Amino acid sequence: MSLVFVETIPYNSISSLLRKVAYGLATTCVLGTAVYIGYSVASPDNHSSKRYRNPELNDEIEKVVSSLKLNDEQLKHIMHCLEEEMNAGLSSETHKQATIKMFPSFVRHIPDGTERGQVLALDLGGTNFRVLSIKLRGNSHIELTSKIFLVPQSAMIGDGKRLFRHLVECLAEFMKKEHLLQSGICYPLGFTFSFPCKQESLASARLTTWTKGFSCADVINEDVVKLLQDAIDEKGINVKCAALVNDTVGTLMACAYKEPATSIGLILGTGTNACYIEDLDKVGTWNGDHDEPKQVIINMEWGAFGDNGCLNHIRTKYDEEVDLSSINPGQQTFEKMISGMYMGEIVRLIILDLLQRELLFLGHRDTYGDYKTPIYNRGGFYTKFVSTVETDEGIKFSNTRRVLEDIGIRNPTFDDCVIVQHICRQVSKRAARLAGAGLAVLINRMGKPTVTIGVDGSLYRYHPRFKRNMERSMEGLVNKDFKFKFALSDDGSGKGAALVACVAAHNAPELLTKHTREIIDDKTSEANSD
Ligand code: BGC
């Protein structure tokens, strides 16, 4: 055999083959080592990932990053403060001064999936605004058509009447397209209005303050349902607003329609807030009846937690800067440390600080000192960039590089990318841990063996680690006897408002016209014709 081998493969070929094999092996070794080193350097948990060329600079960076870290002890202290603030908001004696308002939503019945009827909904809570037509078919089945409209910046900060007229114009356009105008039917409407409102009944709620960049004139202290209904009547369309709900309440209701164990509603998006089911006995501000069910959903407005200074010890100079340059300084302290409206800006301020102190993007300072590039400008680092940067695994940092180019940093180095990713991870992790601590207070307080948390919002949906970090923090904070899980709600806030409006229309028929009663009546609704 060997002879045959020698004969059939000439010496030259063998040596060239060996050379190729040796070359291949060497290349593999070199690349393998490079990849290994790269991975070790880029690994988030590896301390060397934070090493920068100059160890002193590295310590400076580490100091900044450490100021964002919160251990379990700190979180437990925050939980204790939050619960005290919640009790202050619920008590009639302290409610006025309390920062967390704990507004009773007047929603007391949790849906069981059997609700039927056709309802309209408006969902306003950010720069987008949705109009929905919803058919509740019973058996937890919902059919939905919807359209998204933009709320122009001018309408967000202009005259209040103009805002409500704009909403109704969009509603009328949608109804026309869906052939709902002049159909001889007056449709009940659920209004999801995601701003702090002191509710006086299901269909009357006074705005206490604007958040999330809105500041329309002549709306604070006004009944928002009335402002909407006035605009509807002025337009002469066949709609009656039957209920107003916060987006957290809408989310809880929509999830409960599918999963009755849902007892918390959570929003992690442009803003943040939570609601939960509270015993009536614990709600000192409740003026309604004490009939069964002896419970009411409380819209916490937890975004205002810390407005009395109780979170100052964990705030950084970047948080203070974000607050000072916002439209509502001194307000929504917790929200400003967690939500999507502010996360990108916190990261930008940290990066800019490190850049100006020549700790990051070495050599770039002069080139980009023209103050025109996004890194120098408020809002220049979008929160979606935080998610994009954090999706990078390994050593290539292709997403991070793209983001950095977008904000005006050409040819960032490997070290630059490692540090920027590290900053994004710490800022979003702090937010997730704070939200987790808030939820742990609610779960421990309700004392139910199992709780489903209905959740919605862009941070929860699109950030690659938010949910995991939040869950991890909760594992250390929730009493071991209680189990919890998250249920993502699709179109939750709009659907939930429709559910509340549907139940309101059933329970308070005097609110509605004969036609409305007909449409929600099982015998005449389309639902029954199935
Ligand atoms: C508002 C809440 C809302 C939350 C999430 C906050 O800014 O005050 O009412 O639920 O944003 O949209």
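Notes on the structure follow.

The rules behind each value
- Residues numbered from 1 in each chain as written.
- Predicted model: local features only at pLDDT ≥ 70, side-chain atom pairs only at ≥ 80, totals over all residues.
- Heavy atoms only, no water.
- Axes fitted to C-alpha atoms, helices over the stretch in contact; angles between N-to-C directions.
- Helix = DSSP H or I, 4+ residues; strand = E, 2+ residues; numbered from the N terminus.
- Parallel < 35°, antiparallel > 145°, perpendicular 65-115°, else oblique.
- Contact = heavy atoms within 4.5 Å.
- Pairing = 2+ DSSP bridges.

1. Some remarks on the packing of helix 13 (residues 398-406) against helix 14 (residues 414-446)
Between helix 13 and helix 14, the least distance of the axes is 10 Å, while the angle of their chain directions is 90°. By the angle between their axes, helix 13 is roughly perpendicular relative to helix 14. Contact with helix 13, carried on its side by Thr400, Arg401 and Leu404, involves Phe414, Cys417 and Val420 of helix 14 and no other residues of that element.

2. What about the pairing of strand 4 (residues 142-150)?
Where a strand is regular, its side chains alternate between the two sheet faces. With nine bridges joining them, strand 3 (residues 128-137) and strand 4 adopt antiparallel strand pairing. The residue bridging Lys135 from the neighbouring strand is Glu143, located in strand 4. Hairpin connection between strand 3 and strand 4: a loop of four residues separates the two successive antiparallel strands, and Gly138 in this loop has a positive phi of roughly 80°.

3. Concerning the sheet that holds strand 3
Overall, mixed pairing links the five strands, which are arranged 4-3-2-5-8 in an open sheet. Looking at which strands have only one partner, the edges of the open sheet turn out to be strand 4 and strand 8 (239-245). Pairwise comparison of adjacent strand axes, ignoring direction, gives a mean angle of 20° for this sheet. Pairing analysis gives six bridges linking strand 5 (residues 187-193) to strand 8, with the strands arranged parallel. Across the sheet, residue Pro188 finds its bridge partner in strand 8, namely Lys240. Along the sheet face, helix 6 (residues 160-177) touches strand 2 (116-124), strand 3, strand 4, strand 5 and strand 8 and points at about 130° away from the line of strand 4. Across the sheet, helix 7 (residues 224-235) touches strand 2, strand 5 and strand 8, and the angle it forms with strand 8 is around 160°.

4. Brief notes about the sheet that holds strand 10 (residues 272-279)
Strand order in the open sheet formed by six strands is 1-11-10-9-12-13, with mixed pairing between adjacent strands. The sheet terminates laterally at strand 1 (103-104) and strand 13 (483-488), the two strands that pair on one side only. Packed onto the sheet, helix 16 (residues 466-475) meets strand 9 (262-268), strand 12 (450-456) and strand 13 and runs at close to 165° relative to strand 13.

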